[in-house]
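# Coordinate analysis (summary)
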Amino acid sequence: MSQQAALPVKTPKASESTMFKILFIIGLCHLLNDAIQAVIPAMFPILEKSMGLSFTQLGIIAFSLNMVSSVMQPLVGFVTDKKPMPYALPIGLTFTLVGILGLGFASNFAWIVLAVVLIGLGSAVFHPEGSRVAYMAAGNRRGLAQSIYQVGGNTGQALAPLITALILVPLGQRGASWFTIVAALAVILLIYIAGWYNHRLNQSPKTAKGKRTSTAQKVGLSKEVKNTIVFILLLIFARTWYTSGMTNFYTFYAIKEYGLTIKQSQLFLFAFLVSGAIGTFFGGPLSDRFGKKQIISFSMLATVPFSFLIPYVPPTIAFIFLIFTGFILMTSFSVTVVYAQELVPGKIGTMSGLTVGLAFGMGAIGSVGLGYIADWIGLQLMITWLGVLPLLGLIAFLLPSDQKVWEWNQIK
């Protein structure tokens, strides 16, 4: 039974209507932000050749980007839960703008790391506050709203192969500097979003403050809630290590095993990422209908047959399996965020920063770890074992149902 069916039906208020204009704009900003981040792994094949970087060094670059974002996101969310900061959004993207400009002109490994740290800082500010904007604009359709927001980010990530093929291959490293235009556009749009956000806060400051205070008081991290958070984080761990391995290293695998060019290998990665973006969009509405726990469980376990077989099939079938894997696995991406937000009400920014930020952090650790494993046991064997990770989705059966989470919040 879905959560929506189980809860009492409320008459929607004007403030509870879904604000699609705001959702589409913040989703577009998410696309622009994550497209800029996608430039970094997209540049890996180019940096490997131009600077002679090892898989471990490439993993360190990804680590520098993702770990900064991971550490800062929950902190930003915690601070803004106490004191919302609408204009932190355009300020954060300004850090990203400076970082992507520096990346285009970096002359050595150290400067590349510094540039991606700035991009990571911008991402750390954007994600929890962007998720809060989506929550504020959601009305009674939180799953759909979070999907619109998150699909923007995943679509931006899916653009990485096209960025490589159309911009970075012909222009090289300097091509990254063109994305300062993208960052500037995002800053302009976020100034508009920050104005709306600020207006909403000023419109009913007493009500907003009262809601934050009452819900914060209701938050009680009982043993059951703490255990559930751990289960959610383990599921994020499995999903993110898998996607990190595929995003950062599958192109090298396809080039080596199938004899593809860089451009051809990017099409395989594009298929995986764009199908993941589509899966992200459908995940939210499906969770509104069938329940969050059901979608989380399905997305992990239904991925296993395809992820396990990808290294053993010919390239055409691998291409098809990559599409299935990306779509199914990422249906749970936005759903886990909403599940965590509803698990600890009143801590929207903190839980968004923890779940999405942890995803970046796990990806960071995974990038270094998987890069080291690829150097140690070989790329082919690493990709083979990577396909087993979604089996950790069995943990999803330990999650409490949506109805149970709702009941916990009524008791507090």
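Residues numbered from 1 in each chain as written. Predicted model: local features only at pLDDT ≥ 70, side-chain atom pairs only at ≥ 80, totals over all residues. Heavy atoms only, no water.

### Remarks on helix H12 (residues 262-290)
To be explicit about the condition: Secondary structure elements follow DSSP: runs of H or I of four or more residues count as helices, runs of E of two or more count as strands, with numbering from the N terminus. In this scheme, a helix's expected span is set at 1.5 Å multiplied by one less than its residue total. At any given residue, the bend is defined as the angle formed between two axes, one fitted to the seven residues that end at that position and one fitted to the seven that begin there.
For H12, spanning 29 residues, the distance from its first C-alpha to its last is 41 Å, which sits close to the expected 42 Å at 1.5 Å a residue. In the structure, H12 departs most strongly from a straight axis at Gly 283, where the bend amounts to approximately 25° and where the proline Pro 285 lies between one and four residues downstream.

### Examining the side chain of Asp 81
This is how the line gets drawn: By the criterion applied in these results, polar contacts are pairs of N or O atoms within 3.5 Å in which, for protein atoms, one can donate a hydrogen and the other can accept it, and in which residues neighboring in sequence qualify only through two side-chain atoms.
Here Asp 81 lies in helix H4 (residues 55-82). A distance of 3.1 Å separates a polar atom in the side chain of Asp 81 from a polar atom in the side chain of Arg 132.

### Some words on the packing of aromatic side chains
To be explicit about the condition: Stacked, tilted and edge-to-face are the three classes applied to pairs of Phe, Tyr and Trp rings, where Trp contributes its six-membered ring and a pair requires centres within 6.5 Å; stacked means planes under 30 degrees apart, edge-to-face means over 60, and tilted covers the rest. Only protein chains enter the accessibility calculation, which uses a 1.4 Å probe; a residue whose area is less than 20% of its type maximum is buried, one above 50% is exposed, and one in between is partly exposed.
For the coordinates displayed, the defined rule picks out 14 aromatic pairs. Judged by centre distance (6.3 Å) and plane angle (35°), the ring pair of Phe 126 and Tyr 149 falls under tilted. Taken together, the residues span a long stretch of sequence, with Phe 126 in helix H6 (residues 109-136) and Tyr 149 in helix H7 (residues 142-158) at a distance of 23 residues. A single burial state applies to Phe 126 and to Tyr 149, both of which are buried. Their ring planes at 80° and their centres at 6.1 Å tell us that Tyr 253 and Tyr 258 sit as a pair that is edge-to-face. For the pair formed by Tyr 253 and Tyr 258, the shared burial category is buried.

### Brief notes about a nonpolar patch on the surface
Stated formally: Here the term patch refers to residues with relative accessible area over 30% and no salt bridge, with like charges joined within 9 Å and nonpolar side chains (Val, Leu, Ile, Met, Phe, Trp, Tyr) within 5 Å. Per-residue and other accessible areas follow the Shrake-Rupley method at a 1.4 Å probe size, with only the shown protein chains counted as cover for residues. Any carboxyl oxygen of Asp or Glu that lies within 4 Å of a side-chain nitrogen of Lys or Arg is treated as forming a salt bridge with it.
A cluster of nonpolar side chains, contributed by Ile 278, Phe 281, Phe 282, Leu 286, Phe 290 and Phe 327, occupies part of the molecular surface with about 490 Å² of accessible area. Among the elements that take part in the nonpolar patch, H12 stands out by supplying five residues, more than any other. Locating Phe 282 in the fold gives a position in helix H12.

### A word on helix H16 (residues 333-343)
For H16, the tally of buried residues reaches 11 of 11 residues, placing the bulk of the element in the interior. Among the residues making up H16, those that are buried are Phe 333, Ser 334, Val 335, Thr 336, Val 337, Val 338, Tyr 339, Ala 340, Gln 341, Glu 342 and Leu 343.

### Side note on the pattern of salt bridges
Enumeration over the complete set of coordinates arrives at three salt bridges. Across the pair Arg 132 and Glu 129 runs a salt bridge whose closest N-O atoms are separated by 2.8 Å. Taken as a pair, Arg 132 and Glu 129 lie in helix H6 at a separation of three residues, close to a single helical turn. For the pair formed by Arg 132 and Glu 129, the shared burial category is buried. Residues Glu 342 and Lys 292 are paired through a salt bridge, measuring 3.4 Å at the closest nitrogen-oxygen approach. Of the two residues, Glu 342 sits in helix H16 while Lys 292 sits in helix H13 (residues 292-301), which places them 50 residues apart along the sequence. Residue Glu 342 shares its accessibility class with Lys 292, and that shared class is buried. Salt bridges linked by common partners bring Asp 81, Glu 129 and Arg 132 together as one network.

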